Amino acid sequence: MRAAPWLASPCLALIVGAASLAVMAISAQGDLWLDEVLSLQWAKSSSSAADILVLYRHDNNHPLNTLWLYILLDPSRPEWAYRGLSLASSAVLFWLLWWAAGRLTPRARLVPLFLCASCYIMIVLGSEARGYAPAMALSLACFALLLRQNFQLSLVWVPIFWVVGILAFLAHATAVMPLAAMGLWTLVSTRSLGKATVWFAPLACAFAVFAFFFLKEMMVAGGPDTSPLQVLVELAAYSLGLAVAPPWGALALFLGVGLLLAGAVFGSFPPTGVRTCLVLASLAFPILALIASFGSYVHFRYAAVSLPFSALLAGGLAERILVNRPRAGVWIALCLGIFAVLQTPRICSLLMHG
């Protein structure tokens, strides 16, 4: 008998994904909040799509999302429609997680999807008119394309990869972290500078242009300075459903980093070097980016693009447990249940207060 077959059940995956999207859709009915209103005002003030990049170089301008708002502009349109891009991105993200986990961790295929679908941060980002959810979905789409192609060059799929990658960092610039992780993964796995160049040189050139003409002049005005350590504490606490205040924030950081390190060291993955990509995307590059940004405004949302890759890393750990102890499914179910219960208070508050 196969170990814990429910952990690979398509029906259960459909229920989990649909329930999460329903919660997002309900949350999306609320009024637009300050950052969303600001993006909408920029869209209204733009006489052309090019103005979005040329005139409004601000950290609240997530270009792909602002372009979506610009296309949808209509005084009679309900506000929730402006959040449609994030809702659709979340649906795509869930499907990609299910697909990728089927390739990487088939026994624990449900784990990455469940972790993301029940996570408060993912529900918030999937229900607001911002660029985070599209950036996560598009980054994971690039990962899935590389996984599907096994780095083999294609006149069809390589250009599609370029387009999806460019859209990812136009959705939010932090998508460059998982994309860079994929570049190193490609180089390490293929041991071919030529293949890595074909896949990633156009992306690198496009990002360099974007950085020079947009990010270099970008105004950052989000709030007070926050230390990299505090950002990591907040990210871990909101991800795991614990309080940010001591000692819970420190406990959340300890548990979160410990879980990811356990997945990095003990996780079961096919021999494609994918472990390298997941570790870089979920741990190394976000931490390096936070350290590099010391002294400027940063927010834990800026590391949210790493969460789907962290979930896949946790799925690898669950896969290893099931390989060694086929009857451990009940313990994995207990852990997932605790995770969901811890998320519930914040999710309920979100639904009640918007």
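Residues numbered from 1 in each chain as written. Predicted model: local features only at pLDDT ≥ 70, side-chain atom pairs only at ≥ 80, totals over all residues. Heavy atoms only, no water.

Our next topic: a nonpolar patch on the surface. On the surface, Val 330, Trp 331, Leu 334, Ile 338 and Leu 342 cluster together into a nonpolar patch covering about 510 Å² of accessible area. Along the polypeptide, Val 330 turns up in helix 16 (residues 329-353). Judged by relative accessible area, which is 55%, Val 330 ranks as exposed. (Patch = residues over 30% accessible without salt bridge, like charges linked within 9 Å, V, L, I, M, F, W, Y side chains within 5 Å. Areas by Shrake-Rupley, 256 points an atom, 1.4 Å probe, with all protein chains shown as cover. Salt bridge = Lys/Arg side-chain N within 4 Å of Asp/Glu carboxyl O. Helix = DSSP H or I, 4+ residues; strand = E, 2+ residues; numbered from the N terminus. Buried < 20%, exposed > 50% of the residue type's maximum accessible area, 1.4 Å probe, protein only.)

With that settled, consider helix 1 (residues 10-27). A rise of 1.5 Å per residue sets the reference length of helix 1, with its 18 residues, at 26 Å; its end C-alpha atoms lie 26 Å apart and thus fit the reference within 8%. If you check which residues of helix 1 are buried, you get Ala 13, Val 16, Gly 17, Ser 20, Met 24 and Ser 27. Projected down its long axis, helix 1 shows its buried positions confined to an angular sector of 90°, all on one face. Facing away from the buried side of helix 1 by more than 90 degrees, the exposed set consists of Cys 11, Leu 14, Ile 15 and Ile 26. Residues of helix 1 that are buried in the fold lie against helix 5 (84-104), helix 6 (110-117), helix 7 (120-125) and helix 16. (Expected span 1.5 Å × (residues − 1). Arc of directions from axis to C-beta. Contact = heavy atoms within 4.5 Å.)

For any two aromatic rings, the description comes down to two numbers: the centre-to-centre distance and the angle of the planes. Counting across every chain of the model gives 13 aromatic pairs. Ring centres 5.7 Å apart and planes at 90° place the aromatic pair Phe 143 and Phe 309 in the edge-to-face group. Of this pair, Phe 143 sits in helix 8 (residues 132-149) while Phe 309 sits in helix 15 (residues 307-324), placing them 166 residues apart in sequence. Classification of Phe 143 by relative accessible area gives buried; the value is 0%. The exposure class assigned to Phe 309 is buried, which follows from its relative accessible area of 0%. By way of ring pairs, the aromatic residues Phe 143, Phe 151, Trp 185 and Phe 309 are connected into one cluster. (Phe/Tyr/Trp six-rings, centres within 6.5 Å; stacked < 30°, edge-to-face > 60°.)

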